[in-house]
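Per-entry structural report
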Amino acid sequence: MADIPQDAFKITLKALLKKIILGEYKQNLLPSENNLSAEYGVSRSTIRSVLSVLDAKGIILKQSKKKAQIMPIENWDWFDTDILNVIRENISRTEVFHYILFIRLTFEPSICALAALRCSIAELNELNECYKIMKRGFDNNDTAEFKKGDVGMHALLFKVAHNPFCNVVGNLILKTSVMSIDFTLPGSRDDFATSLNKHKQLIDAIRIQDAKKAKFVMQDILMDSVNILFKEDLPDYIDIFRP
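Positions within a chain are numbered from 1, following the residues in the order the chain's sequence is written. Only residues with pLDDT of at least 70 are given local features in this predicted model, and only at 80 or more are side-chain atom pairs given and counted; all residues enter the totals for whole chains, interfaces and linings. Only hydrogens and water are set aside when side-chain values are computed; all heavy atoms of the structure are taken into account.

1. Focus: the environment of Y40
- Helix and strand definitions here come from DSSP, where helices need a minimum of 4 consecutive H or I residues and strands a minimum of 2 consecutive E residues; each element is numbered from the N-terminal end. By secondary structure assignment, the location of Y40 is in helix α2 (residues 33-40).
- A sequence separation of 27 residues divides Y40 from L13, and the C-alpha atoms of the two residues are 10.0 Å apart.
- What makes two residues a contact is simply this: any of their non-hydrogen atoms within 4.5 Å. Dropping the residues within four chain positions of it, Y40 is found in contact with T12, A15, L16, K19, Y25 and I47.

2. Looking at the confidence of the model for the protein chain
- Residue-level confidence of the predictor, termed pLDDT, takes values from 0 up to 100. Taken residue by residue, the protein chain gives an average pLDDT of 88. The fraction at 70 or more is 92%.
- Least confident of the elements in the protein chain is helix α8 (residues 164-184), whose mean pLDDT is 75; most confident is helix α6 (residues 121-139), at 97.

3. Observations concerning helix α3 (residues 44-56)
- Working rule for helices: expected span equals 1.5 Å times residues minus one. The first and last C-alpha atoms of α3 sit 18 Å apart over 13 residues, in line with the 18 Å expected at 1.5 Å per residue.
- Taken together, the buried positions of α3 are occupied by T46, I47, S49, V50, L51 and L54.
- Elements that come into contact with the buried residues of α3 comprise α1 (6-21), α2 and β1 (60-61).
- One or two positions beyond α3, positive phi appears at G58, with a value near 80°. Only protein chains enter the area calculation, which uses a 1.4 Å probe; residues under 20% of their type maximum are buried, those over 50% are exposed, and those in between are partly exposed.

4. Thoughts on the nonpolar core
- L16, I20, L30 and I206 are the most contacted members of the largest nonpolar core, which totals 64 residues.
- No other element matches the 10 residues that helix α10 (residues 211-230) contributes to this core.
- Contacts of L16, omitting those with residues within four sequence positions, involve Y25, L30, L36, Y40, V50, L51 and L54.
- Put simply, buried Ala, Val, Leu, Ile, Met, Phe, Trp, Tyr and Cys residues joined by side-chain atoms within 4.5 Å make one nonpolar core. Residues I111, L114, C166 and I173 belong to the second largest nonpolar core, which totals 6 residues.

5. A short note on the side chain of H199
- Inspection of the secondary structure assignment puts H199 in helix α9 (residues 189-207).
- What makes H199 buried here is its relative accessible area of 1%.
- In this structure, H199 is in contact with M134, D150, M153, H154 and I221, ignoring residues within four places of it in sequence.

6. Brief notes about the pattern of salt bridges
- Basic side-chain nitrogens of Lys or Arg form a salt bridge, by our definition, when they fall within 4 Å of a carboxyl oxygen of Asp or Glu. By the definition in use, this model includes 14 salt bridges.
- For K198, the salt bridge identified is with D220, shortest N-O distance 3.0 Å. Separated by 22 residues along the polypeptide, K198 in helix α9 and D220 in helix α10 bring together distant segments of the chain.
- In this structure, a network of salt bridges that share partners links the residues E33, R44 and R48.

7. Some details on the side chain of H154
- If you trace the backbone, H154 turns up in helix α7 (residues 143-160).
- On the basis of relative accessible area, H154 is assigned to the buried category, the value being 3%.
- For this analysis, a polar contact is any N or O atom pair within 3.5 Å, provided that within protein one partner can donate a hydrogen and the other can accept it, and provided that sequence-adjacent residues contribute only side-chain to side-chain pairs. A polar contact of 2.8 Å, which involves the side chain of H154, links it to the side chain of E108.
- Leave out the neighbours within four places in its chain, and H154 touches R104, E108, I181, H199 and M218.

Below is the structure:
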């Protein structure tokens, strides 16, 4: 793949992945390599490299002397950056976030409870730094700065739980969390103030090692995201997470 122009490879990968995700290829089969080469205006070697990447991601199954088969979405690597980027640009956010917020509600409140039991003073200071970034973003009406502190805090919480499995899961969840945070940042000044206050409550609960309170506050933060995204049409799983 070293001799293949990377721009052509990346553009073709994204374009083909988009068509697969949007269901534009019927019978779950891709066209032949020759037809794909003509369709995207690139060489067959580029198409072969793209298909190899999609095969590795679980999106297609390459078959010798046959057309590549599109695999069921359950086989796909849904934490893969390429997949997430195309989904973000092309799929209804309601459909995608229906899945993302279930994962976040399942893991993040319990991670915060564990963090409350295990967070060191130095790590608590790091969480406070994230809060300060959020506060600075609020004071300066800087949404990007607010998001930076928000994402940083959520990432750090998995680390301070001091469970290596949680840390790995956290890295995966964070990829999807960033996407949902983009769409659930508070809208009004009052909403930003409420979000900031709840993140402060979370840090305070962790500081006094109140695991139950930390779990409750994070669940409350995520429920706010659910309400922003879904409004009246709440997901069918929402009652599982109600206090």
